[in-house]
Amino acid sequence: LAAGQRFEAWIVLDKSLEPTKPGYAVPSGATMRFKFPKSFKALPDVKPEAVFLYGWPQKAIPVKFDVALDPQDPRTIVITVLQPIEAGPPDKPGLKAIHLRTGEVNPSREGKYPIEIQFTNAGELSGATTAIINHQGPSSQHRGV
């Protein structure tokens, strides 16, 4: 994370990135919620962006989905899947990663920051977890961390 810059990360799920191995099938109507701690400054006027990935670089999953801020909580990004994601390798191996870019501004202080993630009505992927962001502080932007 670069201090003072918009948050951007690849959320890699617990499936093999190999195209011949199945990832997650996700039904239409599934929601994914990413809640940021108060240490990240919310920019409510900046629309979050996401790309669903099959797992290998530059291969986006061509399905429709919506990405928005939760109107009740500007620190929460909500992704709603509008078309099902199939998991049929090798042509459509399923969801394996999400590239997420938000309007949250990274904190300037080093530390470990939890992001709460919840998958609802998402088939096998349904449930909640916490991702820990290890932030190295302002000098990290110069070290490529």
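Please refer to the structure higher up on the page.
What you see is a predicted model; the values in this text were computed from it and never measured.

**Q** When you look at the pattern of salt bridges in this model, what are you seeing that I'm missing?
**A** Pairing of side chains with opposite charge becomes possible as their charged atoms draw close. Inspection of the entire model under this criterion finds six salt bridges. For arginine 101, the salt bridge goes to glutamate 8, with nearest N and O atoms at 3.9 Å. Here the residue arginine 101 occupies a position in strand S6 (residues 97-105), and glutamate 8 occupies one in strand S1 (residues 6-12), the gap between them amounting to 93 residues. Among the residues examined, glutamate 8 registers a relative accessible area of 35% and is labelled partly exposed. Notably, a salt bridge pairs arginine 33 with aspartate 70, separated by 2.5 Å at the nearest N-O pair. Here arginine 33, found in strand S2 (residues 31-35), pairs with aspartate 70, found in strand S4 (residues 65-70); they are 37 residues apart in sequence, far enough to count as distant. Since its relative accessible area comes to 11%, aspartate 70 is described here as buried.

**Q** Even after reading the chapter, I still don't get the pairing of S2, so can you show me in this structure?
**A** The side chains of a regular strand alternate, residue by residue, between the two faces of the sheet. Alternating residues of S2 divide into Met32 and Phe34, all buried, and Thr31, Arg33 and Lys35, none buried. Bridging between S2 and strand S5 (residues 73-81) involves five bridges; their strand directions are antiparallel. Each bridged residue has a counterpart across the sheet, and for threonine 31 the counterpart in S5 is threonine 80. Bridging between S2 and strand S7 (residues 111-120) involves five bridges; their strand directions are antiparallel. Within S7, the residue paired with phenylalanine 34 across the bridge is isoleucine 117.

**Q** Please clarify how the sheet that holds strand S8 (residues 127-135) should be interpreted in this entry.
**A** Each strand in a sheet pairs with another by means of backbone hydrogen bonds, the pair being arranged parallel or else antiparallel. As summarised here, the arrangement of the five strands in space is S4-S5-S2-S7-S8, forming an open sheet in which the pairing is antiparallel. The open sheet has two edge strands, S4 and S8, and neither has a second partner. Strand-to-strand twist in this sheet, taken as the mean axis angle between neighbours without regard to direction, amounts to 20°. Inspection of the sheet shows S7 paired to S8 by nine bridges, in the antiparallel sense.

**Q** Any chance you could explain the environment of threonine 120 here in plain terms?
**A** Within the secondary structure layout, threonine 120 lies in strand S7. For the pair threonine 120 and isoleucine 77, spaced 43 residues apart in sequence, the C-alpha separation works out to 14 Å. Apart from the residues within four sequence positions on either side, threonine 120 is in contact with Ala30, Thr31 and Ser126.

**Q** Looking at this structure, I do not really get the sheet that holds S6. What am I missing?
**A** Overall, antiparallel pairing links the three strands, which are arranged S1-S6-S3 in an open sheet. Unpaired on one side and paired on the other, S1 and strand S3 (49-53) mark the two borders of the sheet. Between one strand and the next, the sheet's axes are offset by a mean angle of 15°, whatever the strand orientation. Where S3 lies against S6, five bridges are found, and the strand directions are antiparallel. Residue pairing in the sheet places alanine 50 in a bridge with leucine 100 of S6.

**Q** I keep staring at the pairing of S4 and nothing clicks. Help me out?
**A** Pairing of S4 with S5, which is carried by six bridges, proceeds in the antiparallel orientation. Opposite phenylalanine 65, over in S5, you have valine 81 as the bridge partner. Connecting S4 to the next strand, S5, in antiparallel fashion are two residues.

How each quantity is defined
- Residues numbered from 1 in each chain as written.
- Predicted model: local features only at pLDDT ≥ 70, side-chain atom pairs only at ≥ 80, totals over all residues.
- Heavy atoms only, no water.
- Salt bridge = Lys/Arg side-chain N within 4 Å of Asp/Glu carboxyl O.
- Helix = DSSP H or I, 4+ residues; strand = E, 2+ residues; numbered from the N terminus.
- Buried < 20%, exposed > 50% of the residue type's maximum accessible area, 1.4 Å probe, protein only.
- Pairing = 2+ DSSP bridges.
- Axes fitted to C-alpha atoms, helices over the stretch in contact; angles between N-to-C directions.
- Contact = heavy atoms within 4.5 Å.

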